[in-house]
Amino acid sequence: MRAFLRPLPRSVTRPASVLLLIAWVAVMAVLVNRSYLQASASLATDLARYGSAAVWRGVYYRGEKIGFTVSQTVPKDDGFELEEDGRLQMSLLGATTAATLRTTAHVDKSFTLHAFEFSLDPGTGPIEIRGRVDGKRLTLEVKTPSGTRSEVRELEEPPALSLNISRRLASGGLVPGAKHQWTVFDPATLRNSTVNIEVGKRELVRGAGATPIPAFRVEMEYSGLRTSSWITDTGEVVREESALGMITVRESADNARAMAVSRRMQVDLLQAAAVDPRMRTPIAEPRDVRLMRIRLGGVDLSPLDLDGGAQTLKGDVLELRDPQAMKAGPGDPDVARYLKAELFIESDAPEIIAEAAKAVQGVTGTRERAERLTRYVNQLLDKKPTVSLPSALEVLRTKVGDCNEHTVLYVAMARALGIPARIAVGLVYIHGAFYYHAWPEVYLEEGSGLRAQGSAQRAQGLWLPVDPTLNEFPANATHLRLARGGLDKQTVILPLMGKLTMDVLDVELAPNTTPILVGKEPLDLGSLAIPIPKRESACCVCRK
C-alpha cells in the first residue's frame, strides 16, 4: 500500500513527499515526489540535454542512495527555462521500484511562472501534466497513455513553482533573519500551497567535494513538512534535508548517476513509515475487532479528519468501531459532488462506465452493487507497489497497483454506477503495526421513498468504508481514517511520519474469538494429518 503519491521541493526534498503519501507509496509516492522533485521520460535522451553547467545531486534516504536529480537554467529571449530530471529507485515490500521524473518551468526574467510541464513514469507509461498561466487563471492538461483531459481553474493568486525558489531568494538577496511567505503550485496535487521561508546565517557546508562551500541555511515549511536547505549567493542548492529522512547532496555527474540499491538497506520505505503501537495484546485477526480505543500523540491532531463515521475522538483518545454496526443518520447535503468526474477519477469515461456495468451485472440494490464492486476490483488488479499519480483510466489499462490504484479505480467505477464515493486515507493494522493505507467510502442512502413522495424530511444515509485492496466489505475496524480526498488533502499525513505515537488502550473482539496472550507458551498439539488453509491477504503492504 502506498499511499499515494503522496510537491516540488525546491529541487527535491519536499515533493518526494507527496509521492510517499500517495503507501504509501502514495505516501511513498508523495514522499518521493515532493521530497524529491517531479519529472520523467526516456532517461538517456533527457539527460543528454544537460551541459557542463548542470547541477547534479544524489538523493539519499537514511544514509542510503535511492536516486539522483540534475537541473539547469537555460536563458531564453523572454526569460529562462528551468529544467530538472531525476530517477528514484526504492525498496518497497522487498522489491526494487523505480520511477523517472521530469519538470520544466518557463519563467520570465523576474522568474514569474508562465507555463510548466511535469511528468512521472513508474514504468507503466508516463503521466504528463502541462500548465499554462494567464494571470490567476491556470489551464491544466493531464495526459496519460489512456487519453488526455483538460481543466481550467481560477486561483486566488498567480502560482509559482518551488523549483525556482532558490533562484528567487538569491535574486532578492539572501539576508539572515529575513522571512518570506509565498504561494507555490504543486503539480502532484494540482493545488496552490503556502511555503514559509526563513533565511539563517551563512555556514560552511560540504557537498560531494572535499572543500566546504559557503551557503545560507534556509528553513522552509511546506504543507506541514520542514526542509533545511543550504543555498549559495547565486541560488545554487548545495544540500537539502527533510524531516522524513531524505537528503539531497550536490555531487559530480558520475557519482550522482551511480545508483544501485544498497545491499545494506534492510528496511524498505513502507516499513520505515509504519507506526508501531504500544499494546498489551496483539491482534491475531483484524476482522475480528469490534472496538479499539487508541491514544494518539506526538503530533498536532487538529488538521486531521478523525471524528465522524465509525470513529469518535475525545481529547487525544480515538475510538474505532466496527463499520458493520454503523446506522444511517441525517443525509449528506453535499453528496452530489461525489458523483462527478475529476481529472484522475474519470468516472465519465466510456471504458470506466463499461467496466463498472460488467462488474455488477445481474446485481440490484446499492449496497449489493457496492459489495460486488469491492470483490471485482480486488480480483481485477495485480497487487504490486507502484510510484505514480493514480488515474482510474490508467489503472484499468495496466491492471496493476497498490491501495491507491485499487481505491481510485473503485471510486471512479462506483460514481459511474451512480453510487457516491470518495477517497479516505489513514492507517490500517497488519502484522503487529499500523501501515499507511488508502480505501474508498461509499454513500448508502435510506428512506429515499419519503423524499420521492414530496416529504420535507431528508433521506437518511451513511458513508460506509470499504476496502477493495483487502477485499473487505465493509472495511475492518482497524482502519483509522486521517483524511478524506485527493493528494491535496492527503498531504496532512506527511508531517505525521516518524512522529505519530499510538497507545492501544482497549480492544474488543467478536464473540467466541480468543486473543493471543503475550508471553504464553504455545500448546504442542503434535503433527496434524491435514494442512490448515491459510488466508492470503491482498494488502500490498502485508505480503512480506
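Quick note: structure is the one above.
Cut-offs used in this document
- Residues numbered from 1 in each chain as written.
- Predicted model: local features only at pLDDT ≥ 70, side-chain atom pairs only at ≥ 80, totals over all residues.
- Heavy atoms only, no water.
- Helix = DSSP H or I, 4+ residues; strand = E, 2+ residues; numbered from the N terminus.
- Areas by Shrake-Rupley, 256 points an atom, 1.4 Å probe, with all protein chains shown as cover.
- Pairing = 2+ DSSP bridges.
- Contact = heavy atoms within 4.5 Å.
- Axes fitted to C-alpha atoms, helices over the stretch in contact; angles between N-to-C directions.
- Salt bridge = Lys/Arg side-chain N within 4 Å of Asp/Glu carboxyl O.
- Buried < 20%, exposed > 50% of the residue type's maximum accessible area, 1.4 Å probe, protein only.
- Polar contact = N/O pair within 3.5 Å; in protein donor to acceptor, adjacent residues only side chain to side chain.
- Phe/Tyr/Trp six-rings, centres within 6.5 Å; stacked < 30°, edge-to-face > 60°.
- Lys NZ or Arg CZ within 6 Å of the ring centre and 35° of its normal.

Caption draft 1: How the structure looks around the overall build of the protein. Helices and strands together make up the secondary structure of the protein, namely 12 helices and 25 strands. Summing over all exposed atoms, the protein offers an accessible surface of approximately 23,200 Å²; the carbon and sulfur share of this is 49%.

Caption draft 2: Seen up close, the sheet that holds strand β22 (residues 433-446). Ordered in space as β18-β23-β22-β21-β24, the 5 strands form an open sheet in which the pairing is antiparallel. The open sheet has two free edges, formed respectively by β18 (329-330) and β24 (480-484), since each of these has just one partner strand. Of the pairings in the sheet, the one linking β18 to strand β23 (residues 460-465) comprises 2 bridges and is antiparallel in character. Paired with G329 across the bridge in β23 is G461. Contacts between helix α10 (residues 403-416) and the sheet are confined to β21 (421-430) and β22, with β22 contributing the most and set at about 5° to the helix.

Caption draft 3: Structural context of the pattern of salt bridges. Under the counting rule described, the total for this entry stands at 27 salt bridges. One salt bridge connects D322 with R290, and the closest N-O pair in it is separated by 3.1 Å. Taken together, the positions of D322 in the loop between β17 (317-321) and β18 and R290 in strand β15 (residues 289-297) put the pair 32 residues apart, joining distant regions of the chain. In this structure D322 comes out as buried when scored by relative accessible area, which is 7%.

Caption draft 4: Inspection of the side chain of E394 at higher detail. For E394, the position within the fold is in helix α9 (residues 392-398). Within the local environment of E394, its side chain forms a polar contact with the side chain of R397, the two groups lying 2.8 Å apart.

Caption draft 5: Seen up close, the side chain of E236. With respect to the element layout, E236 can be found in the loop between β12 (225-231) and β13 (237-242). At 2.9 Å, the side chain of E236 forms a polar contact with the side chain of R250.

Caption draft 6: The arrangement of the packing of aromatic side chains in detail. Scanning the model with the defined rule gives 4 aromatic pairs in all. Between the aromatic rings of Y338 and W463, the centroid separation amounts to 5.2 Å while the plane-to-plane angle is 85°, which identifies the pairing as edge-to-face. Here Y338 is found in the loop between β18 and α7 (350-359), whereas its partner W463 is found in strand β23, with 125 residues between them in sequence. Summarising the burial analysis for this pair, Y338 and W463 share the class buried. Ring geometry for Y443 and W463: centres 5.2 Å apart, planes at 55°, overall tilted. Of this pair, Y443 sits in strand β22 while W463 sits in strand β23, placing them 20 residues apart in sequence. In this pair, the class of Y443 matches that of W463, namely buried. Each residue in the set Y338, Y443 and W463 is aromatic and connected to the rest through ring pairs, giving one cluster. The ring of Y338 has R422 lying over it, and the distance from NZ or CZ to the ring centre is 5.4 Å. Across the ring face of W463, the terminal group of R422 is positioned such that the distance to the ring centre comes to 3.8 Å.

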